[in-house]
Amino acid sequence: MNIPLIDLKRAYKKVEKGLIPKLREILSEQKLILGKYCLELEKALAEFSGVPYALTCASGTDALILALMALDLKRGDEVITTPYTFFATASSVALLGGTPVFVDIDGKDMNIDPGLIERAITPKTRAIIVVHLFGKLCDMERVRGLAEKHGLAVVEDMAQSLGARRDDTASGAFGDIAALSFYPTKNLGGIGEGGMVLTKRADLFERARKLRVHGMGDQTYRHEMIGINSRLDEIKACALAEKFPFLPGWNQKRIENAMYYNRKLGDLPVGLPDAGGKGDHIFHQYVIRVERRDELKSFLQEKGVQTGIYYPLPLHLQDCFGYLGYKKGDFRETELASLTSLALPIYPELKKIEKEYVVASIREFFGTH
Ligand SMILES: Cc1ncc(COP(=O)(O)O)c(C=O)c1O
């Protein structure tokens, strides 16, 4: 059997029939950028996430940059975040002249440890970027409490968590502003790059809206701020709008797949994610923790099961962040996670026989099949 980590063709098949005539229409109309589909997508996702404002942009990385620019991040400002995330979470800060300040994760959910945030706050701290890693919401009550106490902005990197909810609050509605990615492998993945800024704050939305088009206000070629070009193409927005109604069902399937794995792997010497099905984890990735991680990965590869390592080198140990002065051993839980994490195929269209094969292969590795 051959099971890829994700099979994008299966999801595309669901929307192909409805999408193609719309793409033809866009091409014949030649309304190519920031048109009705961008507006439709913004409206749909703002409603879904429970915020009044959403703004499409060119990528999740740009969404982070726009969010920080909207907050008026200045050179020398410090931003607290996790070293166990995709590069863009911290590079967006550094690109704007800010200083990423890393705080270790909690080994249980691999999100930033709220108990360690306060000691990292200095007079230069402006914001906290939380990442709902792998689709699991951070402990936002504690993060928000700290942010309020110290007058800091909260940015949610929700690249991996669209649709995750705790009680009545959805990912994107906990902080001041949030950044979403539509990279093709995301839970709502596009037909190319794409991203979105979501916010409850009218002031931040207004700034982000201008910053997205070179800081232009309502008057063409009058630049109120130095912004960037981060517009989204209509064909991409159209594909995302077509896929969006499937998202709740797809997220539910991911949760069910995670619960299946947890049931079938529970007796093995493997750390499993919390798959209680509460909706605060939408399993963008299903990540297990294994001491003999690299051996298991090779074994599964030979069996035809593709797995992923998120992330093999934590951000504080990346060469380009050397100037920040961190060293190996600074963040124990993060470094341990980078050595023991393994993502299994979890995509919604995974067939029962494929899940059974993944489980059987892992059990074979441990000699318990
Ligand atoms: C946690 C996280 N932040 C930011 C990004 C950046 O998004 P993009 O690839 O759309 O620029 C990604 C996705 O790649 C991500 O997983």
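Because the structure is predicted, anything quoted here is derived from the model rather than measured. Note that residues are indexed from 1 along each chain, following the sequence as it is written. It should be noted that, the model being predicted, local features are given only for residues of pLDDT at least 70 and side-chain atom pairs only at 80 or more, the latter also being counted only at that level, while totals for whole chains, interfaces and linings use all residues.

### Side note on the overall build of the protein chain
Going along the chain from the N terminus, every DSSP run of H or I of four or more residues is numbered as a helix, and every run of E of two or more is numbered as a strand. Along the protein chain, the regular secondary structure elements total 11 helices and 11 strands. Every radius of gyration here is taken over C-alpha atoms, with the globule rule written as 2.2 Å times N^0.38, N being the number of residues. Taken over C-alpha atoms, the radius of gyration comes to 21 Å for the protein chain, in line with the 21 Å a tight globule of 369 residues would show. Three exposure classes are used, all based on how many other C-beta atoms lie within 10 Å of a residue's own C-beta (placed from the backbone): buried at 20 or more, exposed at 12 or fewer, and partly exposed between those limits. Across the 369 residues of the protein chain, 46% fall into the buried class. Remark: residues whose backbone-derived C-beta atoms lie within 7 Å of one another are considered to be in contact. In the protein chain, the proportion of contacts linking residues at least 24 apart, taken out of those at least 6 apart, comes to 69%.

### A closer look at the domain arrangement of the protein chain
By the assigned domains, the protein chain splits into domain 1 (8-103 + 111-244) and domain 2 (246-365). Marked domain ranges trace back to an automatic or database domain assignment. Here the C-alpha centroids of domain 1 and domain 2 sit 24 Å apart. If you look at the interface, domain 1 gives 26 residues, while domain 2 gives 23 residues. Looking at the side of domain 1 that touches domain 2 element by element, the count peaks at 3 residues for helix 1 (residues 8-29). Residue classes in the side of domain 1 that touches domain 2 are distributed as 13 nonpolar, 6 polar and 7 charged. Classification convention: Asp, Glu, Lys, Arg as charged; Ala, Val, Leu, Ile, Met, Phe, Trp, Tyr, Cys, Pro as nonpolar; all other residues, Gly among them, as polar.

### What about the sheet that holds strand 5 (residues 153-157)?
Taken in spatial order, the 7 strands of this open sheet run 1-9-8-5-4-2-3, and their pairing is mixed. A single partner strand is all that each edge strand has here, and the edge strands are strand 1 (53-57) and strand 3 (99-102). Adjacent strand axes in the sheet meet at a mean angle of 25° when their direction is disregarded. Judged from the 5 bridges that link them, strand 4 (residues 125-131) and strand 5 form a sheet pairing that is parallel. Note on strand 5: the bridge partner recorded for Ala127 is Ala153. Contacts between helix 6 (residues 202-211) and the sheet are confined to strand 1, strand 8 (177-181) and strand 9 (195-199), with strand 1 contributing the most and set at about 20° to the helix. We call two strands paired when DSSP finds no fewer than two bridges between them. Each axis is a line fitted through C-alpha atoms, and for a helix only the stretch in contact is used; angles between axes span 0 to 180 degrees, taken between their N-to-C directions.

### Observations concerning the packing of helix 3 (residues 60-70) against helix 6
At a minimum axis distance of 9 Å, the contact between helix 3 and helix 6 shows a crossing angle of 125°. Of the possible angle classes, the one that applies to helix 3 and helix 6 is oblique. Note on packing geometry: the crossing formed by helix 3 with helix 6 is right-handed. On helix 6, the residues touching Leu66, Ala67, Met69 and Ala70 of helix 3 are Leu204, Arg207, Ala208 and Leu211. A per-class count over the contact of helix 3 with helix 6 returns 7 nonpolar, no polar and 1 charged. Just so you know how the angles are binned, under 35 degrees is roughly parallel, over 145 roughly antiparallel, 65 to 115 roughly perpendicular, and the rest oblique. Here a crossing is called left-handed whenever its near helix is offset anticlockwise from the far helix by less than a right angle, and right-handed whenever the offset is clockwise.

### Brief notes about the site of the ligand
Close to the ligand lie 15 residues; Ser59, Gly60, Thr61, Ala159 and Ser181 are nearest. Grouping the constituent residues of the shell around the ligand by class yields 5 nonpolar, 8 polar and 2 charged. A molecule or strand has a residue near it when that residue's C-beta atom, placed from backbone coordinates, lies within 6 Å of it.

### Focus: helix 1
To get the bend at a residue, fit one axis to the 7 residues ending there and another to the 7 starting there, then take the angle between the axes. Taken as a whole, helix 1 carries its principal kink of about 60° at Glu16. Burial within helix 1 is sparse, with just 1 of its 22 residues counted as buried. One or two residues past the end of helix 1 sits Gln30, with phi positive at roughly 60°.

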